[in-house]
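# Topology and contacts: notes
Residues per chain are reported as follows:
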Amino acid sequence: MKSRMLRLVPLVFILAGSALAHCDTVDGPVVTAARQALEKGDVSLVLHWVQKQDEAEVRRAFAEATAVRKLNAQSRELADRYFFETLVRVHRAGEGAPYTGLKPAGSGVDPGVALADKAIDSGEITRLTQAFAHHMEAGLKERFARVAAARNFRPGDAEAGRAYVAAYVEFIHYAEALHQAIAAEGHAH
């Protein structure tokens, strides 16, 4: 666990100062677009975040929110929250992901996702690929070292053999998961 934490330290420095945002956080790209749509009174600014068949539900929620938010400050806050939650819920459903509520700003965002968002914002992918390559290499080397250290156990030493098998299985599964992630084409919206 300690070595895993130490490997994450470089990511913390890479991410320092970046906006940790994802689609289900209040500072994420979906809610950011929703704020702009409400301020400009233009639902079309968020429709790209949902699938075509879900557009009517988002338009209805937008119309309801814009009508209610005119009443007073408290109504505006409640209407905005309603629209944000509806839009994020519909967006997440379109991804095939569950909606678990809006998260506070900067919370629970995977460091890889934050780096990917930063790459998109900056138009530069080098830091993302370097960080991923570094962590992939470190993970492979760490697991390989455990396999290599346990490999030459004395025949008949069941405990040492089990330690080898545990290290072997972890290494192989890690390599398999990395390859599957690399070979995957992602999911469709």
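Use the structure listed above.
The sections below set out a description of the structure shown in this document. (Residues numbered from 1 in each chain as written. Predicted model: local features only at pLDDT ≥ 70, side-chain atom pairs only at ≥ 80, totals over all residues. Heavy atoms only, no water.)

The helix and strand tally for the protein chain stands at seven helices and zero strands. Counting helices and strands in the order they occur from the N terminus, the protein chain gives α-α-α-α-α-α-α. Across the 189 residues that make up the protein chain, the buried fraction comes to 32%. Carbon together with sulfur atoms contributes 60% to the accessible area of the protein chain, which is approximately 12,000 Å² in total. (Helix = DSSP H or I, 4+ residues; strand = E, 2+ residues; numbered from the N terminus. Buried < 20%, exposed > 50% of the residue type's maximum accessible area, 1.4 Å probe, protein only. Areas by Shrake-Rupley, 256 points an atom, 1.4 Å probe, with all protein chains shown as cover.)

Moving on to the nonpolar core. Formed by 23 residues in total, the largest nonpolar core has its most connected members in Val46, Val58, Phe83, Phe84 and Leu87. Elements with a minimum of two residues in this core: helix H2 (29-40), helix H3 (55-68) and helix H4 (73-95). Residues within four places of Leu87 in sequence aside, it is in contact with Val30, Ala34, Val46, Val50 and Val58. With five residues, the next largest nonpolar core counts Val147, Ala150, Tyr164 and Ala167 among its residues. (Core = buried A, V, L, I, M, F, W, Y, C linked by side-chain atoms within 4.5 Å. Contact = heavy atoms within 4.5 Å.)

A few words on helix H7 (residues 158-183). Over its 26 residues, H7 runs 36 Å from end to end, which matches the ideal 38 Å to within 8%, given 1.5 Å per residue. Every buried residue of H7 is accounted for by Gly161, Tyr164, Ala167, Phe171, Tyr174 and Leu178. Against the buried residues of H7 lie helix H6 (126-151). (Expected span 1.5 Å × (residues − 1).)

A word on the side chain of Arg92. Turning to its location among the elements, Arg92 is positioned in helix H4. Using a relative accessible area of 13% as the deciding quantity, one classes Arg92 as buried. The residues touching Arg92, leaving out its near neighbours within four places in the chain, are Cys23, Asp24, Ala97 and Pro98.

On to the packing of aromatic side chains, then. Inspection of every chain in the model, using the stated rule, returns four aromatic pairs. Between Tyr164 and Tyr168, the ring centres sit 6.0 Å apart and the planes meet at 35°, which makes this aromatic pair tilted. Within this pair, Tyr164 and its partner Tyr168 are both found in helix H7, separated by four residues, close to a single helical turn. Accessibility expressed as a relative area gives 39% for Tyr168, which makes it partly exposed. (Phe/Tyr/Trp six-rings, centres within 6.5 Å; stacked < 30°, edge-to-face > 60°.)

With that settled, consider the side chain of Thr86. Residue position: Thr86 is located in helix H4. Owing to a relative accessible area of 6%, Thr86 belongs among the buried residues under this scheme. The residues touching Thr86, leaving out its near neighbours within four places in the chain, are Glu57 and Ala61.

Here the focus is the pattern of salt bridges. Side chains carrying opposite charge are able to pair once their charged atoms draw close together. Tallied over the full model, the rule gives 14 salt bridges. A salt bridge links Glu142 to Arg146; the shortest N-O distance between them is 2.9 Å. Here the residue Glu142 and the residue Arg146 both occupy positions in helix H6, the gap between them amounting to four residues, near one helical turn. Residue classification places Glu142 among the partly exposed residues on the basis of a relative accessible area of 22%. (Salt bridge = Lys/Arg side-chain N within 4 Å of Asp/Glu carboxyl O.)

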